[in-house]
Amino acid sequence: MKRSIVTIALATLVGLGASTAEAQTLKTVQQRGVLNCGANGNLAGFGLPDAQGNWTGFDVDYCRAIAAAIFNDPTKVKFVPLTAKDRFTALQSGEVDVLIRNTTWTSSRDTTNGLNFTGVNYYDGQGFLVRKALNVSSALELNDAAVCVQQGTTTELNLADYFRTNNMKLKTVTFATSDEAVKAYDAGRCDAYTTDASALYAERLRTATPDDHIVLPDIISKEPLGPSVRHGDDQWFDIVRWVNFWLINAEELGVTKANVDAQMKSDNPEIRRLLGVEGKYGEAFGLSNDFGAKMIKHVGNYGEIFDRNLGQASRMKISRGLNALWTKGGLQYAPPVR
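Figured I'd write up the structure that's included with this text.

Calculation criteria
Residue positions within a chain follow its written sequence, with the count starting from 1. Only residues with pLDDT of 70 or above have their local features reported here, since the model is predicted, and side-chain atom pairs are shown and tallied only from 80 upward, although totals for entire chains, interfaces and linings are computed over all residues. The basis for every side-chain value is the complete set of non-hydrogen atoms in the structure, without hydrogens or water. Only DSSP runs of H or I with at least four residues qualify as helices, and only runs of E with at least two residues qualify as strands; both kinds are numbered from the N terminus onward. Note that the radius of gyration is over C-alpha atoms, with the globule rule given as 2.2 Å times the number of residues to the power 0.38. Burial classification: accessible surface area is computed with a 1.4 Å probe over protein chains only, and a residue below 20% of its type maximum counts as buried, one above 50% as exposed, and the rest as partly exposed. The contact criterion used throughout is that any non-hydrogen atoms of two residues lie within 4.5 Å. Every accessible area reported is derived by Shrake-Rupley at a probe size of 1.4 Å, with residue values counting cover from the shown protein chains alone. Working convention for charge: Lys and Arg count positive, Asp and Glu count negative, and His plus the chain ends are omitted. A charge is said to be at NZ when it belongs to Lys, at CZ for Arg, at CG for Asp and at CD for Glu. Two strands qualify as a pair provided that DSSP identifies no fewer than 2 bridges between them. A fitted line through C-alpha atoms represents every axis, and for helices the fit uses only the stretch in contact; the resulting angles, taken between N-to-C directions, go from 0 to 180 degrees. Note on terminology: a nonpolar core comprises buried Ala, Val, Leu, Ile, Met, Phe, Trp, Tyr and Cys residues joined through side-chain atoms within 4.5 Å. The definition used for a disulfide is geometric: two cysteine sulfur atoms within 2.5 Å.

**Describing the overall build of the protein chain**
Counting its regular elements, the protein chain contains 13 helices and 14 strands. Relative to the compact-globule value of 20 Å for 338 residues, the protein chain shows a C-alpha radius of gyration of 22 Å, a close match. Of all 338 residues assigned to the protein chain, the portion counted as buried reaches 49%. Within the protein chain, residue pairs in contact and separated by at least 24 positions form 70% of the contacts whose partners lie at least 6 positions apart. Surface accessibility of the protein chain: about 15,700 Å² in total, with carbon and sulfur atoms responsible for 51%. Side chains of the protein chain give 36 positive and 37 negative charges; the mean places of these two sets differ by 4 Å.

Have a look at this one:
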């Protein structure tokens, strides 16, 4: 009996030691002094550097929000451009601390790739870009069409499923990168180009004559996009997950980049918890209690991030749609800070 008790105690200590050893990402990032963020690098609206190397985009601002939460400085980010093919390897190997690269959350990616998705920051779906001269108004009219697509993506699999389900013939033309696929489509090698609908609006602007192309209304898949982290570090998972929830809650509560200082004096208990005026919710993550206020002051709330990169204040002009708050008919809903 005594031996059993000792064995159980040792097993417990080993388990606790493993958990402590695994919770290293935040410490590593803090010691390094910069967040390594896996990004796209080729997709306007989500992640794209200009000629001077200045990055902008929806996903880029999420990287900056995490840096602001940790360092109170959104510039302490190293953006690592990744292709669809190498993005998961880069995260698994530790080359990046977090992957925020318009990546679809699927069961296999969540279980067999050694990573965890922390939530959905953009609800998307796959669509098609075609030339107006093709004279089609639905994807169901693309029977026997040649379709450009990026290989190694859920997009390629969804395309095959859609044509098979609808008993349509398909000529798939695959490319290693989205840049190659778009160029091939624009050069006339394909009748259509397919990817996430949000990306189609950006890729349309990259064609030689954008007005000659349209995005078809058909959505053929569910594409919940969001950040992901490596398995095994619950503290880091919680930080990345709740950065998203904090930004969504901020929009719902009306806390913005412009009024965050004034809102620190609010009598609303939800706002006071969100900004760290009451409670010690930041300490639970290993951050300062006012990390939410720092984030919002630097990058704004979810709605502000969406609007300037993808919405009406951007070239994309994408409507909020499913990405509106739950209070406005959308799916963006965050657990409370409590």
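**A look at the sheet that holds strand β9 (residues 145–150)**
In spatial order, the strands read β10-β9-β11-β8-β12; together these five strands make up an open sheet with mixed pairing. The sheet is open, and its two borders are formed by β10 (170–175) and β12 (213–215), each paired with just one other strand. Averaged over neighbouring strand pairs, the angle between their axes works out to 30 degrees when direction is ignored. Note: strand β8 (residues 126–131) against strand β11 (residues 192–196), five bridges, orientation antiparallel. By the bridge assignment, Leu 129 is partnered in β11 with Tyr 193. Contacting β8, β9, β10 and β11, helix α6 (residues 154–165) runs over the sheet at an angle of about 80 degrees to β8.

**A closer look at the nonpolar core**
Ranked by size, the top nonpolar core spans 61 residues in total, and within it Phe 58, Ile 66, Val 98, Trp 236, Leu 247 and Met 295 carry the most contacts. Residue contacts for Met 295: discarding those within four places in its chain leaves Ala 65, Ala 68, Ala 69, Val 243, Trp 246, Leu 247 and Gly 300. One finds Val 149, Tyr 162, Phe 163 and Leu 216 within the second-largest nonpolar core, a separate group that totals 15 residues.

**Focus: the state of the cysteines**
Inspection of the entire model under this criterion finds two disulfides. Covalent S-S linkage joins Cys 37 and Cys 63, the inter-sulfur distance amounting to 2.0 Å. Taking the sign of the S-S torsion, about -55 degrees here, the bridge from Cys 37 to Cys 63 comes out left-handed. Remark: Cys 63 occurs in helix α3 (residues 58–71) and Cys 37 occurs in strand β1 (residues 35–39); sequence separation between them is 26 residues. Here Cys 37 matches Cys 63 in class, with each residue buried. Bridging Cys 148 to Cys 190, the disulfide has an S-S length of 1.8 Å. Here the disulfide of Cys 148 and Cys 190 is right-handed, its torsion about the S-S bond being about 65 degrees. Of this pair, Cys 148 sits in strand β9 while Cys 190 sits in the loop between α7 (178–186) and β11, and the two are 42 residues apart along the sequence. Per residue, the accessibility class of Cys 148 equals that of Cys 190, and both read buried. Across the protein chain, the way the bonded cysteines pair up, counted in sequence order, is 1-2, 3-4.

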